[in-house]
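Analysis of the macromolecular model
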Amino acid sequence: MLNDVAFGQYYPAKSFVHNMDPRAKIVLVIAFIVAIFLAKNFLGLAAVILFLILVVILARVPFGRVLRSVKMVLFLIIFTAILNLFFYSSNSELHILWQWKFITISWEAIINMLFLALRLFLLVMGTTILTLTTTPVSLTDGIESLLTPLKWIRFPVHELALIMSIALRFIPILTDETNRIIAAQKARGADFETGGLIKRAKAMIPVLVPLLVSAFRRAEDLGDAMDARCYSGAKGRTKYKKLTFTWRDLLGLLLLAGLITGVVFLNIYFGGKFDVIGWFVA
Amino acid sequence: MEAVKFENVKFSYREDGKDPALNGVTLCIEEGQFVAVLGMNGSGKSTLAKLINALLIPFSGKVEVFGMDTSDEKKTFEIRKNAGMVFQNPDNQTVASIVEDDVAFGPENIGVPREEIGKRIDFALDAVGMQEFRKSTPARLSGGQKQRIAIAGVLAILPKIMILDESTAMLDPRGRREVMDVVRRLNREKGMTVILITHFMDEALQADRAIVMHRGEVVMDGAPEEIFARSDELETYNLTLPRAAYVCKKLQEAGMPVRNAFTAEELAEGICESLRKA
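Residues numbered from 1 in each chain as written. Chains lettered and ligands numbered in written order. Predicted model: local features only at pLDDT ≥ 70, side-chain atom pairs only at ≥ 80, totals over all residues. Heavy atoms only, no water.

Another aspect to go through is the interface of chain B and chain A. For interface size, the figure often reported is the accessible area lost on association. In this assembly, 40 residues from chain B lie in contact with 32 residues from chain A. For the pair chain B and chain A, the two sides together bury roughly 3,200 Å², of which 54% comes from carbon and sulfur. Three residues stand out in chain B for area buried against chain A, namely Asn92(B), Glu108(B) and Arg114(B), and they jointly supply 21% of the buried area on that side. In this assembly, chain B and chain A are joined by five salt bridges. One salt bridge in this structure joins Asp224(A) and Lys50(B), with 3.5 Å as the shortest N-O distance. Inspection of the region where chain B meets chain A yields 17 residue pairs in polar contact (both at pLDDT 80 or more). Those elements giving two or more residues to the side of chain B that touches chain A turn out to be helix 2 (76-82), helix 3 (99-109) and helix 4 (114-127) of chain B. By residue number, the principal contributor to the side of chain B that touches chain A is helix 3 of chain B, which donates nine residues. Residue classes in the side of chain B that touches chain A are distributed as 17 nonpolar, 12 polar and 11 charged. (Contact = heavy atoms within 4.5 Å. Buried area = accessible area lost by both parts, 1.4 Å probe. Salt bridge = Lys/Arg side-chain N within 4 Å of Asp/Glu carboxyl O. Polar contact = N/O pair within 3.5 Å; in protein donor to acceptor, adjacent residues only side chain to side chain. Helix = DSSP H or I, 4+ residues; strand = E, 2+ residues; numbered from the N terminus. Nonpolar A, V, L, I, M, F, W, Y, C, P; charged D, E, K, R; others polar.)

And the structure:
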């Protein structure tokens, strides 16, 4: 399973979203996050949810698959939400529901908790769709291309991209190696399963040291191999991969521009998130 | 034409020049030759390989590739374009997670235009028989397949010399055969000069010429059959005969009149022949 880290959580399919330019997708995710944080009321978030459902359908990724990826951060979302529930103070005495020493629960806190949880959830969903429909390799290509303007301030864009792609390349190799070292140490009686956190962390030292040594040896070999293949930095280098911006990307950007406009419109006409309290309390 | 020329080359990994890895090597390799370099660990055979494509520069003496001196820094790039090198560990020489991207790495480095790179990837993957794995990831390939991709990565630069530095050492017998088939075909069909560094004696049999190294010096140089006929001398350098040749020699010593053989097929024929006569 870990061998497939090179593909990350990529879900192979032929779809509108899969075929988009990785650069467009990265920009879209950033704009999507902006839309989430622009929304001031639940109607705005509803618009974001509708947009998200549309994207998942267009990406031909099963909803279950998307939700499964979110499951990992569910704990974090619940934890943040609960903290917010207890420590959000209300301005109005009328809205307090329950109080014990310094902990109060108010209508505002409940609304705020729901709003925050929903925001975090949508944020994770949006980025998950990006990684489900884009391979790490094309993500790297996209990032490199988007960072190109930074070359003007002598930022080493090509080097950074090469480092990222070599890191991706070596993840499965180093994972294999780690498993081998763990097996070797177990064969010599090392114990990784029992004891407290500190004891277990200490047990990893005999794994990490040989791993580090081998990583350095590999790096040296790789350096020689790159030299032998005439590598000499970004200067005079051509690029085989070409990213093309198509009508799909334009359509995607237009749709998202529509979403942001909609969210702003809803903000203006329907007030803030706490307005709903008025429905319950005078 | 002379592809590679060593003139009294000395090299040491130490700055004071002691413990030389190469101690006065003089040799000449003609274009189109298939040369096997044999020797036990620490005999200097890998050092010899790295000196050819300017990964190492001689301490004294001179190394020339197609007449270009490797100590001339302005020529380094041109020398590496002409002398490609495949290393031992297939995992440590792949830079990209996708086969075609990795093959493209060399041509990208030397500034080949995009359309031309596509053609070169086609050519290189066809030459090693890996075209169908173009979009695959190296982590899913076998050792032999990974090493063929590494060869393709070198071929895409269109070198005239291919140096294989123990490139089959980490492979299983099947992977070794795959790689050797590709290398032999490149030599026969494309006229590529091949310098094969190995400690598998059977592989040396496929070469036109075998060079034996010992303690940084060239101690034997000739056709593989000639070299293997001098088995006592080989033994002093801690080298063994190819398996079939070893069996043949033992049979002869035991009194069976078998003619000299180096490969399993030759040996089988020889045994049949002697049995028929008996």
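Residues and elements named next belong to chain A. As far as domains go, chain A holds domain 1 (9-144 + 244-280) and domain 2 (157-228). One C-alpha centre belongs to domain 1, the other to domain 2, and the line joining them spans 36 Å. Each partner contributes residues to the interface: domain 1 has five residues there, and domain 2 has six residues. Between domain 1 and domain 2, the buried area comes to about 440 Å², and carbon and sulfur atoms account for 82% of it. The interface formed by domain 1 and domain 2 includes zero salt bridges. Its residues placed into classes, the side of domain 1 that touches domain 2 shows three nonpolar, one polar and one charged. (Domains from an automatic or database assignment.)

A separate point is the sheet that holds strand 10 (residues 217-222) of chain B. Residue and element names in this part refer to chain B. One open sheet holds the six strands; their spatial order is 6-7-8-3-9-10, and the pairing between them is mixed. With one partner strand each, in any of the chains shown, strand 6 (83-86) and strand 10 form the two edges of the open sheet. Averaged over all pairs of adjacent strands, the angle between their axes in this sheet comes to 20°, without regard to strand direction. By the bridge criterion, four bridges tie strand 3 (residues 34-38) to strand 9 (residues 209-214) in an arrangement that is parallel. Its bridge partner being in strand 9, Val-35 is matched across the sheet by Arg-209. Along the sheet, helix 6 (residues 173-190) makes contact with strand 3, strand 7 (161-165) and strand 8 (193-197), crossing strand 3 at roughly 135°. (Pairing = 2+ DSSP bridges. Axes fitted to C-alpha atoms, helices over the stretch in contact; angles between N-to-C directions.)

Another aspect to go through is a negative patch on the surface. Where like charges cluster on the molecular surface, the negative patch consists of Glu225(B), Glu226(B), Glu265(B) and Glu266(B). At the level of elements, helix 8 (224-229) and helix 11 (264-277) of chain B are the ones that each hand at least two residues to the negative patch. (Patch = residues over 30% accessible without salt bridge, like charges linked within 9 Å, V, L, I, M, F, W, Y side chains within 5 Å. Areas by Shrake-Rupley, 256 points an atom, 1.4 Å probe, with all protein chains shown as cover. Lys, Arg positive; Asp, Glu negative; His and termini not counted. Charge placed at Lys NZ, Arg CZ, Asp CG, Glu CD.)

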